[in-house]
Amino acid sequence: MEQCACVERELDKVLQKFLTYGQHCEQSLEELLHYVGQLRAELASAALKGTPLSATLSMVMSQCCRKIKDTVQKLASDHKDIHSSVSRVGKAIDRNFDSEICGVVSDAVWDSRERQQQTLQMAIVEHLYQQGMLSVAEELCQESTLNVDLDFKQPFLELNRIVEALHEQDLGPALEWAVSHRQRLLELNSSLEFKLHRLHFIRLLAGGPEKQLEALSYARHFQPFARLHQREIQVMMGSLVYLRLGLEKSPYCHLLDNSHWAEICETFTRDACSLLGLSVESPLSVSFASGCVALPVLMNIKAVIEQRQCTGVWSHKDELPTSDSNPPIKLICGHVISRDALNKLINGGKLKCPYCPMEQNPADGKRIIF
């Protein structure tokens, strides 16, 4: 993960430069516009009076032109410096990551290059839909000529609409969705609907004594959940005692914590995805995380095999170099290699582990059975 941290540091520098440049650019242009506006007012005043252009105004106009030119050149120079910072991110990626991973990927994994490209594009589009970047996903579909069915888009569109409403502290769409899917949510042992009603009740409590009758009336929504959430309901009803004194100064002040909104967004996303057969994390995110874990290990194995001149051991790129005829062997140091690799690494009756410097007796290796 150190490699990722190095690239992230370079990326942070670029983002900071973008922020600083944006602020400086806005300030410089505002000052320039103000300066030009003042000059324009003076010129308009002189024109109304019918007086000829004075030497002073002429000099001021020349200074204004120079100021505009200098400001534009400075902003262009700063913008060019940002481009060099962006290029350093690419260099950091090349420096910290081995881009040659073909040795651990089989050419037969993909039917064709077109199929490979289409699969990757589809994974990116699904990720964008799941992250709520709908316009970006639509643009990618158009530019890549990827045909995505409306049935595929619809669940993501609905979920993002509801999550956006929750971020705005609007419980209406989520409650409507939970009620319409009540039976299926109950089959999942989901407490989503109860938590939504609880949060709405808490919002009424936050309104003070004026909302007390409305809160008591709304409490009837808790009846179907009384058996499973009795303790939580008791706490909420007990908070009514302190309503006139102010909940924020009562033992029930935790009910007003804003963390409840973040929790309800997570609960809704998790339960809705489970109900609709979607993963909480996009397949692209999962694949990327898996690759970060697996690829470095496979690359190290490949490098060790090549260094030890055991290239014939790993003849198939789509699988590890183990099989029934070439089973995995656990060494006494804990590392695992194939039997063929073990036989080729024996030197003078001793075996030196290719992963650590420990020397050992080859006979001490134990076959692993999965």
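All values reported here derive from a predicted model rather than from experimental measurement.

### Here's the deal with the side chain of H127
Mapped onto the elements, H127 comes out in helix 3 (residues 113–130). Judged by relative accessible area, H127 falls into the buried class, the value being 18%. Within the structure, the side chain of H127 is placed 3.4 Å from the side chain of S285, a separation counted as a polar contact. Once residues lying within four places of it in the same chain are set aside, the contact partners of H127 are S282, L284 and S285.

### As for the packing of aromatic side chains
Applying the stated rule across the entire model yields eight aromatic pairs. Note on F152 and F156: the rings are 5.4 Å apart at their centroids and 55 degrees apart in plane angle, and the pair reads as tilted. On the criterion of helical spacing, the pair formed by F152 and F156 is a turn pair, its members being four residues apart in helix 5 (residues 150–167). Here F152 falls in the partly exposed class, since its relative accessible area comes to 24%. Owing to a relative accessible area of 3%, F156 belongs among the buried residues under this scheme.

### Section: unusual backbone geometry
At Q169, a residue that is not glycine, the phi angle is positive and equals roughly 60 degrees. Looking at the secondary structure, you find Q169 in the loop between helix 5 and helix 6 (172–180). On the basis of relative accessibility, which here comes to 33%, the residue Q169 falls in the partly exposed class.

### As for the sheet that holds strand 6 (residues 366–367)
An order of 2-1-6 is seen for the three strands of this open sheet, with the pairing classed as antiparallel. Because the sheet does not close on itself, it has two edges, and the strands there are strand 2 (336–338) and strand 6. With two bridges connecting them, strand 1 (residues 328–330) and strand 6 associate as antiparallel partners. Bridging from a neighbouring strand, K330 pairs with K366 of strand 6.

### Considering the state of the cysteines
Under the definition given, this model contains zero disulfides. No disulfide involves C273; its nearest neighbouring cysteine sulfur is the one of C265, lying 13 Å away. Of the residues examined, C273 reaches a relative accessible area of 3% and is grouped as buried.

### Overview of the sheet that holds strand 5 (residues 359–360)
The strand order across the open sheet built from three strands is 3-4-5, with neighbouring strands paired in antiparallel fashion. Of all the strands in the sheet, the pair left with one neighbour each is strand 3 (346–347) and strand 5. Bridge count for strand 3 against strand 4 (residues 350–352) is two bridges, and the pairing is antiparallel. Residue N347 lies in a different strand from strand 4, and its bridge partner there is K350.

### Some remarks on the confidence of the model for the protein
Close inspection of predicted coordinates is inappropriate in any region flagged by low pLDDT. In the predicted model, the protein carries a mean pLDDT of 83, and the fraction of residues at 70 or more is 91%. Averaged pLDDT values for the elements of the protein fall to 77 in helix 12 (residues 283–307) and rise to 93 in helix 6.

### Quick notes on the pattern of salt bridges
In total, this model carries nine salt bridges according to the counting rule given. One salt bridge in this structure joins E214 and K211, with 3.4 Å as the shortest N-O distance. Since its relative accessible area comes to 40%, E214 is described here as partly exposed.

### Concerning the nonpolar core
L166, L196, F201 and F268 are the most contacted members of the largest nonpolar core, which totals 38 residues. Put simply, the parts of the chain that give this core at least two residues each are helix 5, helix 6, helix 8 (192–206), helix 9 (212–218), helix 10 (230–238) and helix 11 (259–276). For this core, the leading source of residues is helix 8, giving eight residues. Dropping the residues within four chain positions of it, F201 is found in contact with A215, Y218, A219, F222, M236, M237 and L240. By size, the runner-up hydrophobic cluster in this structure holds nine residues, among which are I337, A341, L351 and C353.

Thresholds applied
- Residue numbering note: each chain is counted from 1, following its sequence as written.
- In view of the model being predicted, local features appear only for residues whose pLDDT reaches at least 70, and side-chain atom pairs are presented and counted only at 80 or more, with totals across whole chains, interfaces and linings using the full set of residues.
- Side-chain metrics in this entry use all non-hydrogen atoms of the structure; hydrogen atoms and water are not considered.
- Runs of E in the DSSP output that reach at least two residues are strands. Runs of H or I that reach at least four are helices, and both are numbered from the N terminus.
- Exposure is judged per residue with a 1.4 Å probe applied to protein chains only, and the accessible area is read against the type maximum: over 50% gives exposed, under 20% gives buried, and values in between give partly exposed.
- We call two N or O atoms a polar contact when they sit within 3.5 Å, provided that within protein one can donate a hydrogen and the other can accept it, with sequence-adjacent residues counted only if both atoms are side-chain atoms.
- We call two residues contacting when some pair of their heavy atoms lies within 4.5 Å.
- Only Phe, Tyr and Trp rings are paired, with Trp represented by its six-membered ring, and only when their centres lie within 6.5 Å; those with planes under 30 degrees apart are stacked, over 60 edge-to-face, the remainder tilted.
- Pairing between strands is defined by DSSP: at least two bridges between the two strands are required.
- Note on disulfides: each one is a pair of cysteine sulfur atoms within 2.5 Å.
- Per-residue confidence from the predictor is given as pLDDT, running between 0 and 100.
- Take a side-chain nitrogen of Lys or Arg and a carboxyl oxygen of Asp or Glu: if they are within 4 Å of each other, that pair is a salt bridge.
- Grouping buried Ala, Val, Leu, Ile, Met, Phe, Trp, Tyr and Cys residues that are joined through side-chain atoms within 4.5 Å yields what is termed a nonpolar core.

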